[in-house]
Amino acid sequence: MFSLNVPVPGEVARLASDLARMMPSATPRERGEHSMVAKRLATDDRPPAVVEARARELLADEPAFAVRIAGVDWFEEPTSGPGPVVYFAVESPGLRALHERLCEAFDTVPDVESDDYTPHVTIARGGDREAARRLLDREIDPIEWVVDELAFYDAERNLESGRVALGR
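Residues numbered from 1 in each chain as written. Predicted model: local features only at pLDDT ≥ 70, side-chain atom pairs only at ≥ 80, totals over all residues. Heavy atoms only, no water.

**Here we look at the overall build of the chain**
When its secondary structure is counted, the chain shows four helices and nine strands. Traced from its N-terminal end to its C-terminal end, the chain shows the element sequence β-α-β-β-α-β-β-α-β-α-β-β-β. A globule of 168 residues ought to have a C-alpha radius of gyration of about 15 Å, and the chain, at 16 Å, matches this closely. Overall size of the chain, expressed as C-alpha extent along the three principal axes, is 45 × 30 × 30 Å. (Helix = DSSP H or I, 4+ residues; strand = E, 2+ residues; numbered from the N terminus. Rg over C-alpha atoms; globule rule 2.2 N^0.38 Å.)

**Notes on helix α2 (residues 48-59)**
With twelve residues, α2 extends 16 Å between its outermost C-alpha atoms, agreeing within 8% with the 16 Å of an ideal straight helix rising 1.5 Å per residue. Within the span of α2, buried status applies to Val-51, Glu-52, Ala-55 and Leu-59. Viewed along the axis of α2, the buried residues span an arc of 100°, placing them on a single side of the element. Across from the buried face of α2, at angles greater than 90 degrees, the exposed residues are Ala-49 and Glu-57. (Expected span 1.5 Å × (residues − 1). Buried < 20%, exposed > 50% of the residue type's maximum accessible area, 1.4 Å probe, protein only. Arc of directions from axis to C-beta.)

**A closer look at helix α4 (residues 129-136)**
Listed in full, the buried residues belonging to α4 are Ala-131, Ala-132 and Leu-135. Each buried residue of α4 sits inside an arc of 100° when the element is viewed along its axis, so together they form one side. Considering only its buried residues, α4 is in contact with α1 (10-20), β4 (65-75) and β5 (85-91). (Contact = heavy atoms within 4.5 Å.)

**Re the pairing of strand β1 (residues 2-7)**
When you tally the buried positions in β1, you get five out of six residues, the bulk of the element. Summarising the sheet, β1 and strand β3 (residues 35-41) pair through six bridges and their orientation is antiparallel. Following the sheet pairing, Phe-2 is matched in β3 by Leu-41. Sheet topology note: the β1/strand β8 (residues 149-154) ladder contains four bridges and is antiparallel. Following the sheet pairing, Ser-3 is matched in β8 by Tyr-153. (Pairing = 2+ DSSP bridges.)

**Some thoughts on the pairing of strand β7 (residues 143-147)**
Only one face of β7 is covered, namely the one carrying Ile-143, Trp-145 and Val-147; the face carrying Glu-144 and Val-146 has none of its residues buried. Bridge analysis of β4 against β7 gives five bridges, and the strand direction is antiparallel. Bridging across to β7, Ile-69 finds its partner in Ile-143.

As structure tokens, then:
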């Protein structure tokens, strides 16, 4: 599976790493692994380069957009993998609009995309539910940034395969 991800600034990744320490039995994201999925891109037996080229075509005139994190939330029972998943809740009308446009062009993943899409940055997964609940009450200073590029991520090989600029 390929995905089109939003790179997050170092400030967000550092805060996520700091908060993950408050859930010692959970699995935190490693440094450099923090990002946010804008859209999953199934290859359906097509070469990944073909899927990436199609996405680049669709993104050619896509404007940059603002993103804001201002709180901690969770998926108590995630659709896959161990739970809970504690994350930064993301506010971004621009990201939601981009996701919807990409859903019109690529198949959606049931229960996690289209109307079920929840933009987020994962802090930690699994572990003690009480520790996760305590993090939900944690206030954080909002962090805002402008997204001017997206990253293609190859989950099978666990690597970024390229980037595409927005708003240019």
